[in-house]
Amino acid sequence: SPKETGDVVLSVEDVVLAAAHMCGIDEVYSVGGAQSVAAMAYGTQSIRQVSKIVGPGGAFVTAAKMIVRNDCAIDSLAGPSEVLIIADSDADACSIAGEMAAQLEHDPLARAVLVSPDAEILDLSAAALAEMLIKADRGDIVRSAAENGAIFLKASDIPDAVSFSNRYAPEHLLMATKDPRILLDSVRNAASVFLGMNSSVSFGDYCSGTNHILPTKGMAAGA
């Protein structure tokens, strides 16, 4: 049940507690932010010092992990969430817009990049995303991220789009093409690759069980 602390109600979802129980975890704290990194790295009266801090966070969490990493092991320094989509004329613009919005809602600094040789797909996807931003549940965050982070690029052809993706080295790469598997061998730098519109990046974010402490901001090029 939620624990009330002043005006703040702290709670942990039942599914998280169930997963923790299945893994043999019997100690859970509902904390966050840079202060939680300090608490875990050095310990408090109620939270024991840990051996390693694992998991992504915003700019302040990342900065805190940089400060404590000489005293407590960390996993990696995660940047803002990002997706790069390569699309051809067979792609569905509304689905593409949904994938972009799903990443933009993570953080005001998130990036969602669409690269396509098809000008119509670029225009339709941009229009569909603009419509979604009007009624998005996390509207303020999505709209703030979209101002600078929703990017639409025209490629000369699909190989040119793949070449750009390899230079960009995205955290999530979605191949929204007619036959994405034939392009897979051309992918050199990406943290995670999703083949086709039915392989939604949101599945990777929330339910497929893949590791999501992934390199961002071009770091996949050295992963």
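Conventions and cut-offs
- Residues numbered from 1 in each chain as written.
- Predicted model: local features only at pLDDT ≥ 70, side-chain atom pairs only at ≥ 80, totals over all residues.
- Heavy atoms only, no water.
- Disulfide = S-S within 2.5 Å.
- Pairing = 2+ DSSP bridges.
- Helix = DSSP H or I, 4+ residues; strand = E, 2+ residues; numbered from the N terminus.
- Axes fitted to C-alpha atoms, helices over the stretch in contact; angles between N-to-C directions.
- Core = buried A, V, L, I, M, F, W, Y, C linked by side-chain atoms within 4.5 Å.
- Buried < 20%, exposed > 50% of the residue type's maximum accessible area, 1.4 Å probe, protein only.
- Contact = heavy atoms within 4.5 Å.
- Salt bridge = Lys/Arg side-chain N within 4 Å of Asp/Glu carboxyl O.

K.L.:
So, the state of the cysteines: which residues are in play, and what are the values?
P.N.:
For the coordinates displayed, the defined rule picks out 0 disulfides. Lacking any disulfide linkage, C72 is separated from the closest cysteine sulfur, that of C23, by 20 Å.

K.L.:
Go over the sheet that holds strand β5 (residues 82-87), please, and point to the residues and values.
P.N.:
Sheets are built from strands that pair by backbone hydrogen bonding, the pairs being arranged parallel or antiparallel. The strand order across the open sheet formed by 5 strands is β7-β6-β5-β8-β9, and the pairing between neighbours is parallel. Because the sheet does not close on itself, it has two edges, and the strands there are β7 (150-154) and β9 (192-195). Across the sheet, the mean angle separating the axes of adjacent strands is 15° when strand polarity is ignored. Examined bridge by bridge, β5 and strand β8 (residues 172-176) share 5 bridges and lie parallel to one another. The residue of β8 that forms the bridge with L84 is L173.

K.L.:
Quick one: what's the story with the nonpolar core, residue by residue and with numbers?
P.N.:
I85, A87, I96, M100, L104, L114 and L129 are the most contacted members of the largest nonpolar core, which totals 24 residues. Elements that contribute at least two residues to this core include exactly β5, α4 (93-104), β6 (111-116), α5 (119-134), α6 (139-149) and β8. The contacts of A87, once residues within four sequence positions are left out, are I96, L114, V115, S116, P117, I121, I158, A176 and T177. The next biggest cluster of nonpolar side chains, apart from the first, holds 12 residues, and it includes A155, A161, V162 and L183.

K.L.:
Help me get a handle on the pattern of salt bridges, residues and values and all.
P.N.:
Inspection of every chain in the model, using the stated rule, returns 3 salt bridges. One salt bridge connects K65 with D75, and the closest N-O pair in it is separated by 2.7 Å. Residue K65 is located in helix α3 (residues 59-68), and its partner D75 is located in the loop between β4 (73-74) and β5; the two are separated by 10 residues in the primary sequence. The salt bridge partner of R143 is D140, with a shortest N-O separation of 3.4 Å. Linking R143 with D140, this pair stays in helix α6, spanning 3 residues, or about one helical turn. Using a relative accessible area of 35% as the deciding quantity, one classes R143 as partly exposed.

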